[in-house]
Amino acid sequence: MAEIETVARAALAVGFRKLRLTGGEPTLRADLLEIVARLARLPGLGDLTMTTNGVRLPALAAPLAAAGLRRVNIHLDSLDPRRLARIMRRGTLAEIWAGIEAAEAAGLCPIKLNVVVARGFNEEDVVPLAALTLERPWHVRFIETMPLGTGAVAALARGRLVPNTETRARIADVLGALAPVPSVERADEARNYRLPRARGVVGFISPVSEPYCADCNRMRLTADGRFHLCLLNDDELDVRGTLRAGGGPEAVTDILMRAVRFKPTGHRLDLGRSTERREMYQLGG
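The following refers to the structure shown. (Residues numbered from 1 in each chain as written. Predicted model: local features only at pLDDT ≥ 70, side-chain atom pairs only at ≥ 80, totals over all residues. Heavy atoms only, no water.)

All right, on to the nonpolar core then. In terms of nonpolar packing, the biggest core is built from 51 residues, with V72, I100, L113, F142 and I171 touching the most fellow members. Per-element accounting of this core gives the leading share, 6 residues, to helix α5 (residues 93-105). Excluding residues that lie within four positions of it along the chain, I100 makes contacts with I74, L76, I111, L113 and W138. Residues V7, F227, L243 and V252 belong to the second largest nonpolar core, which totals 13 residues. (Core = buried A, V, L, I, M, F, W, Y, C linked by side-chain atoms within 4.5 Å. Buried < 20%, exposed > 50% of the residue type's maximum accessible area, 1.4 Å probe, protein only. Helix = DSSP H or I, 4+ residues; strand = E, 2+ residues; numbered from the N terminus. Contact = heavy atoms within 4.5 Å.)

The following block contains the structure:
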C-alpha cells in the first residue's frame, strides 16, 4: 500500500492529475478503503475513480465515497440476465444493477457504464443499453473488442469485432439521431453523443476503427509493480524492484518519465497484432 502511494505521489509531482483503480476486480482487495483514503489525500489530485463489475458496490459504495472516491466505471455488457450470465460468468444483472444504484446514491457520479460489443454475443443489446441515457444522467460507452494475438486466435477475435460505426447506426436507427457532445479533454478516448432529449451521454471507444493512440496519456501500474506502457504492448518498466532495492520517489519519477518517453504511439490491431515489442525492460535499470 505504501508503495502504491509512493508511485502515485511521483505521478502527481510530474503532472498526472487523475488516478483510477482497476483490475482484475479492485473491490476484492481487503485494504481497498485504506488505499482510496490515502490516495484521496494526496496533493495535486484532480480525480480518483475506480473500474469495477459493480457486484460489491451495495456494501462498498458509501464507504468508498466517504474515503474520497469520486466516481465509478461499471462493466455491463447486456440487460438480458441470461446473456449477461453467459458473457460475464459471475455476477447477476440484479447484483450489478443494485451496485449501480448504490453508486448513484453515494454520489459516485457521473455513472459510466462500459459495454464491450462482440459479434454473436451482444450486438443486439446496444439499443436498450443506449436507451438508459434517455431517463438517466449516465454515460453508456460502447467499446470495440480488441483482436489481439496472432494466427487463429487473432482471426477468431477479428470475426467478433463490431465497428462502432455499425453500433452507432444501430442505435440511431431505433432511438434517433446522435448529436455530438464536445469533449472537455483532448485525451478522452470516447467520442460522445446525446440522443434526442436524453439526460445522459452515449460514448464510443474505437481502438480498432478510430485509434486514439496519438492522444493517449495513460500510464498503468500493474499488480506486480511495473509501469505497463500500453494495453496493446507487453513492454514494462519495473518500479517495485527499484523501490525494494532502496530507491525513493526520485527513482520512481525517473522510471515514470522514461515510460512516458517510450510510450507506443500506434498499433496494428486491424491485422490482429499488438504494437511490436521494443524490449524496454533494460531501461528499468
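So, on to the packing of helix α6 (residues 126-135) against helix α8 (residues 164-175). Packing of α6 against α8 leaves a shortest axis separation of 9 Å and a crossing angle of 65°. Our classification of the angle between α6 and α8 gives roughly perpendicular. Crossing geometry of α6 relative to α8 is assigned as right-handed. Residues V126, V127, A130 and A131 of α6 form the contact with α8, whose participating residues are T167, R170, I171, V174 and L175. When its residues are assigned to classes, the contact of α6 with α8 shows 7 nonpolar, 1 polar and 1 charged. (Axes fitted to C-alpha atoms, helices over the stretch in contact; angles between N-to-C directions. Parallel < 35°, antiparallel > 145°, perpendicular 65-115°, else oblique. Left-handed = near helix turned anticlockwise from the far one by under 90°. Nonpolar A, V, L, I, M, F, W, Y, C, P; charged D, E, K, R; others polar.)

Quick look at the sheet that holds strand β7 (residues 191-194) now. One open sheet accounts for 8 strands, arranged β1-β2-β3-β4-β5-β8-β7-β6; its pairing is mixed. Taken across any chain shown, the strands that pair with only one partner, and hence form the sheet edges, are β1 (18-21) and β6 (179-181). Taken pair by pair, the neighbouring strands of this sheet meet at an average axis angle of 25°, ignoring direction. Pairing geometry for strand β2 (residues 47-52) and strand β3 (residues 71-75), over 4 bridges, is parallel. Bridging across to β3, T52 finds its partner in I74. Along the sheet face, α5 touches β3 and β4 (112-117) and points at about 165° away from the line of β3. Sitting on the sheet, α8 is in contact with β4, β5 (139-144), β7 and β8 (201-205), with an inclination near 160° to β8. (Pairing = 2+ DSSP bridges.)

Turning our attention to the environment of R38. Its place among the elements puts R38 in helix α2 (residues 32-40). When the C-alpha atoms of R38 and E5 are compared, they prove to be 7.0 Å apart, with 33 residues separating the residues in sequence.

Strand order in the open sheet formed by 3 strands is β9-β10-β11, and the pairing between neighbours is antiparallel. Each having just a single partner strand, β9 (220-221) and β11 (233-238) make up the two edges of the open sheet. In terms of strand pairing, strand β10 (residues 226-230) meets β11 through 4 bridges, oriented antiparallel. Considered in β11, the bridge of C230 is made with N233.

Right, let's talk about the packing of aromatic side chains for a bit. Scanning the entire structure with this criterion turns up 3 aromatic pairs. In textbook terms, an aromatic cluster arises when at least three aromatic residues are bridged by ring pairs, as seen for F142, Y193 and F204. One Lys or Arg, R168, reaches over the ring of F204 and ends 5.3 Å from the middle of that ring. (Phe/Tyr/Trp six-rings, centres within 6.5 Å; stacked < 30°, edge-to-face > 60°. Lys NZ or Arg CZ within 6 Å of the ring centre and 35° of its normal.)

A separate point is the pattern of salt bridges. One pass over the structure, following the stated rule, counts 16 salt bridges. For E189, the salt bridge goes to R141, with nearest N and O atoms at 3.7 Å. Placement of the pair is E189 in the loop between β6 and β7 and R141 in strand β5, with a sequence separation of 48 residues. E236 is paired through a salt bridge with R226; the nearest N and O atoms lie 3.9 Å apart. Placement of the pair is E236 in strand β11 and R226 in strand β10, with a sequence separation of 10 residues. Salt bridges here are not isolated pairs; linked through shared partners, they connect E5, R9, E34 and R38. (Salt bridge = Lys/Arg side-chain N within 4 Å of Asp/Glu carboxyl O.)

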